[in-house]
Amino acid sequence: MENLIQELQAVLGEEGLKLQEPMKEHTTFRVGGPADLFLMPKDAEELKGAIGILRKYHMPVMVIGNGSNLLVRDKGIRGAVIQIYSRMADVTVDGEIIEARGGALLSAVAAKAADAGLTGMEFASGIPGSIGGAVVMNAGAYGGEMKDVLVSVDVLTKELEVKTIPVGELELGYRHSIVAEAGYIVLGAKMKLEKGDEMAIRGRMAELAEQRREKQPLQYPSAGSTFKRPAGYFAGKLVQDAGLKGKTIGGAQVSEKHSGFLINIGGATAQDILDLIAFCQKEVKNQFGVALETEVKIVGEK
């Protein structure tokens, strides 16, 4: 392990590598045990170099963004976590084209678009994810989706080659893209927006922000919608109709504001949240015959 750490530090520098890093510091649920190795590359070359070293030592690798759709178990993650986030977060505007690196937050991209008087990213202004995660999941809200604005995406392939994929080849659908299936890592994305009225754009963003505040428990740590939308149903309504609004296990609760959100009301463990997820799934299945699947990604040592 000592040789591995030295080789990684040579590529990433001291600031690009942490040992036994608590994952609760890097997920919006604010829970999760430590990752053995936590890597924060600043560009594609560092990323490629680090992955090459990790492969040489047969070290398991997981790639994350800002952890907004992630639940890490309490024992943490064995192996290496690579975070594409604040060190790879540049956003540039050229006419109606916005280019953002994989770690840029959607809110930052939407803000840059508004500054430039470009419309089309308003839907993303309140989504707490990175460009990389948004591409992987085809993130969307309030009638907009990433596929509506994407032109192309730059990825790092399993063969450690940088490849540009046009939007038509990404197979974007509901919470789906080819990126995860192919094992690609999103390095950046190019988006095309339209000229608009800056005041109108900011007004729409403010309107959506108010809707979120009214309907979502933003004051508590969560990972957004916990469950995928079952065909013909709304997950939150099923949980509510099952009488589970406000249901609490340890520090985890079904939000009283929106039953589709499971929240950390203080001191929750990952196991509290997992137990509450399982309880909701069981009750909804028993009462309505509907199997709820988690939208949040659950990782880490059991």
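Residues numbered from 1 in each chain as written. Predicted model: local features only at pLDDT ≥ 70, side-chain atom pairs only at ≥ 80, totals over all residues. Heavy atoms only, no water.

(A) Local environment of the sheet that holds strand β3 (residues 61-64). Pairing is mixed in the open sheet, where four strands are placed in the order β1-β2-β5-β3. Each of the sheet's edge strands pairs with one partner strand only, and the pair in question is β1 (17-22) and β3. Here the strands of the sheet are splayed against their neighbours by 35° on average, with no regard to which way each runs. Where β3 meets strand β5 (residues 77-83), four bridges bridge the pair, whose relative direction is parallel. (Pairing = 2+ DSSP bridges. Helix = DSSP H or I, 4+ residues; strand = E, 2+ residues; numbered from the N terminus. Axes fitted to C-alpha atoms, helices over the stretch in contact; angles between N-to-C directions.)

(B) Structural view of the packing of aromatic side chains. Under the counting rule described, the total for this entry stands at zero aromatic pairs. Taking NZ or CZ as reference, K247 lies 4.6 Å from the ring centre of F279, over its face. (Phe/Tyr/Trp six-rings, centres within 6.5 Å; stacked < 30°, edge-to-face > 60°. Lys NZ or Arg CZ within 6 Å of the ring centre and 35° of its normal.)

(C) Looking closely at helix α8 (residues 270-288). Between its terminal C-alpha atoms α8 stretches 27 Å, which fits the 27 Å expected from 19 residues at 1.5 Å a residue. Looking at α8, one finds that the buried residues are A270, D272, I273, L274, L276, I277, C280, E283 and V284. Considering only its buried residues, α8 is in contact with β4 (70-72), α7 (235-241), β16 (248-249), β17 (252-254), β18 (261-264) and β19 (297-299). One or two steps after α8, the chain reaches G289, where phi turns positive at roughly 70°. (Expected span 1.5 Å × (residues − 1). Buried < 20%, exposed > 50% of the residue type's maximum accessible area, 1.4 Å probe, protein only. Contact = heavy atoms within 4.5 Å.)

(D) Examining the packing of helix α1 (residues 2-12) against helix α2 (residues 44-56) more closely. At a minimum axis distance of 9 Å, the contact between α1 and α2 shows a crossing angle of 170°. Taken together, the axis directions place α1 and α2 in an arrangement best described as roughly antiparallel. Where α1 abuts α2, its residues L4, E7, L8, V11 and L12 lie against E46, G49, A50, I53, L54 and K56. (Parallel < 35°, antiparallel > 145°, perpendicular 65-115°, else oblique.)

(E) Summary view of the pattern of salt bridges. One pass over the structure, following the stated rule, counts 17 salt bridges. Its salt-bridge partner being E198, residue R202 comes within 3.0 Å of it at the nearest N-O pair. Here the residue R202 and the residue E198 both occupy positions in helix α6 (residues 198-215), the gap between them amounting to four residues, near one helical turn. According to the relative accessible area criterion, R202 is partly exposed, its value standing at 33%. Salt-bridge contacts for E207 lead to R204; the nearest nitrogen and oxygen are separated by 2.7 Å. Remark: R204 and E207 occur in helix α6; sequence separation between them is three residues, near one turn of the helix. For E207, a relative accessible area of 41% gives the class partly exposed. Assessed through its relative accessible area of 30%, R204 is described here as partly exposed. Among the charged side chains, a salt-bridge network with shared partners connects D36, R78 and E301. (Salt bridge = Lys/Arg side-chain N within 4 Å of Asp/Glu carboxyl O.)

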